[in-house]
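Spelled out from the first residue to the last, the chains are:
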Amino acid sequence: MGQHSTHPGGASRVRRRALLGTVVLVVLIALAGLAAYLTRDGRSPSETPAPPSSSPTASSSASSSGPHTRPRALPVPPKTRDPIAFGKAAAAALWSYDTRAYSQTELRTALRGWLTTEAKYADPASVDKVVPSPVLWKEMAVNGQFATAKVHEGHFPNAFTQALQEDPGAITQAYVYAVTVSGKQSIAWKGSPSGGAESRTTTLAVQCRPDHPCALVGVMPSVAP
């Protein structure tokens, strides 16, 4: 019966352990789509960087790469075991597209290639959501629209970091980390000398098993600070 400790220290450890389990579960449940209903509270985080229509309203901030930028290749995942480095690369890939260089289907397929091969964790639907629809892609392609991304920083969300420090072993089943990334998406199109730019922030779930390079699990439905 000695398990029933009234120790403040013991209670705190149990609480922290539960918190980590909860955070990891929230990552996985959110990616399964259940948290979408709980987080749709009117906030519209930038985890789904929908591109503007074919005639976008350009913001006054100039794009860091002008509209004459050479067509870009499809994004390829980096070989890294660092969840933050991978999360930053994944966010940049998700915020970028180039209607001059490839089709919507090719981009979707390339981004799905970033996903973990462990089907029970991978959430392709959350990745598909950030790719413009085929109809919108066609409209954007008429104007040669493309977007580039600049990542400013990436970090583990506060609650995740706290809990992970307290009990690192709790993550060792799925090895799924939450990573929040912020940066800027710059958009340009034919005939636009400066394009438009917009700040972006997203929280991704990243799987980094010790014996494999990191892979994407999916895009969280809301941003975790």
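Report follows, based on the coordinates.

1. Describing the nonpolar core
If you look at soluble globular proteins, the nonpolar side chains tend to sit buried side by side. In this structure, Tyr97, Leu204 and Leu216 are the most contacted members of the largest nonpolar core, which totals 35 residues. Residue contacts for Leu204: discarding those within four places in its chain leaves Gly87, Ala90, Ala91, Leu94, Tyr177, Ala178, Val179, Leu216, Gly218, Val219 and Met220.

2. A look at unusual backbone geometry
The phi torsion at Tyr175 lies on the positive side, around 55°, for a residue other than glycine. Mapped onto the elements of the fold, Tyr175 is located in the loop between α7 (158-166) and β3 (176-188).

3. Quick look at the environment of Ala178
Mapping Ala178 onto the fold places it in strand β3. On the basis of relative accessibility, which here comes to 4%, the residue Ala178 falls in the buried class. Separated by 19 residues in the primary sequence, Ala178 and Ala159 place their C-alpha atoms 10.0 Å from one another.

4. Concerning the sheet that holds strand β1 (residues 97-98)
Strand order in the open sheet formed by 5 strands is β1-β2-β3-β4-β5, and the pairing between neighbours is antiparallel. Pairing within the sheet leaves two strands with one partner each, and these edge strands are β1 and β5 (215-219). Two elements, β3 and strand β4 (residues 196-207), share 12 bridges in a ladder whose sense is antiparallel. Looking at the pairing, Ser186 lines up with Ala197 of β4.

5. Focus: the pairing of β4
Taking burial as the measure, the 12 residues of β4 include 9 buried ones, the bulk of the element. Looking at chain direction, β4 and β5 are connected through 4 bridges and run antiparallel. Across the sheet, Ala205 pairs through a bridge with Gly218, a residue of β5.

6. Here we look at the pattern of salt bridges
Considering all chains together, one arrives at 5 salt bridges under this definition. In this structure, the salt-bridge partner of Arg108 is Asp128, at a minimum N-O distance of 3.4 Å. Taken together, the residues Arg108 in helix α4 (residues 104-112) and Asp128 in helix α5 (residues 124-128) connect sequence positions 20 residues apart. A relative accessible area of 31% places Arg108 in the partly exposed class. Among the ionic pairs, Glu118 bridges to Arg209, the shortest N-O distance being 2.7 Å. Here the residue Glu118 occupies a position in the loop between α4 and α5, and Arg209 occupies one in the loop between β4 and β5, the gap between them amounting to 91 residues.

7. A word on the state of the cysteines
Counting across every chain of the model gives 1 disulfide. Between the sulfur atoms of Cys208 and its disulfide partner Cys214 the distance amounts to 1.9 Å. Disulfide Cys208 to Cys214: torsion about the S-S bond roughly 115°, handedness right-handed. Judged by its relative accessible area of 7%, Cys214 is buried.

8. Topic: the packing of aromatic side chains
According to the stated counting rule, one finds 6 aromatic pairs in the structure shown. Residues Phe156 and Phe160 carry aromatic rings whose centres are separated by 5.7 Å and whose planes lie at 50° to one another, so their mutual orientation is tilted. Plain terms: the ring middles of Phe156 and Tyr177 are 5.8 Å apart, the flat faces sit at 25° to each other, and that makes the pair stacked. Placement of Phe156 in the loop between β2 (146-155) and α7 and of Tyr177 in strand β3 is noted, with a sequence separation of 21 residues between them. Residue Tyr177 is classed as buried on the basis of its relative accessible area, which comes to 13%. Through successive ring pairs, a cluster of aromatic residues spans Tyr97, Tyr102 and Trp137. The lysine or arginine in question, Arg100, covers the ring of Phe146, its NZ or CZ lying 3.8 Å from the ring centre.

So, how was this worked out
Residues numbered from 1 in each chain as written. Predicted model: local features only at pLDDT ≥ 70, side-chain atom pairs only at ≥ 80, totals over all residues. Heavy atoms only, no water. Core = buried A, V, L, I, M, F, W, Y, C linked by side-chain atoms within 4.5 Å. Buried < 20%, exposed > 50% of the residue type's maximum accessible area, 1.4 Å probe, protein only. Contact = heavy atoms within 4.5 Å. Helix = DSSP H or I, 4+ residues; strand = E, 2+ residues; numbered from the N terminus. Pairing = 2+ DSSP bridges. Salt bridge = Lys/Arg side-chain N within 4 Å of Asp/Glu carboxyl O. Disulfide = S-S within 2.5 Å. Phe/Tyr/Trp six-rings, centres within 6.5 Å; stacked < 30°, edge-to-face > 60°. Lys NZ or Arg CZ within 6 Å of the ring centre and 35° of its normal.

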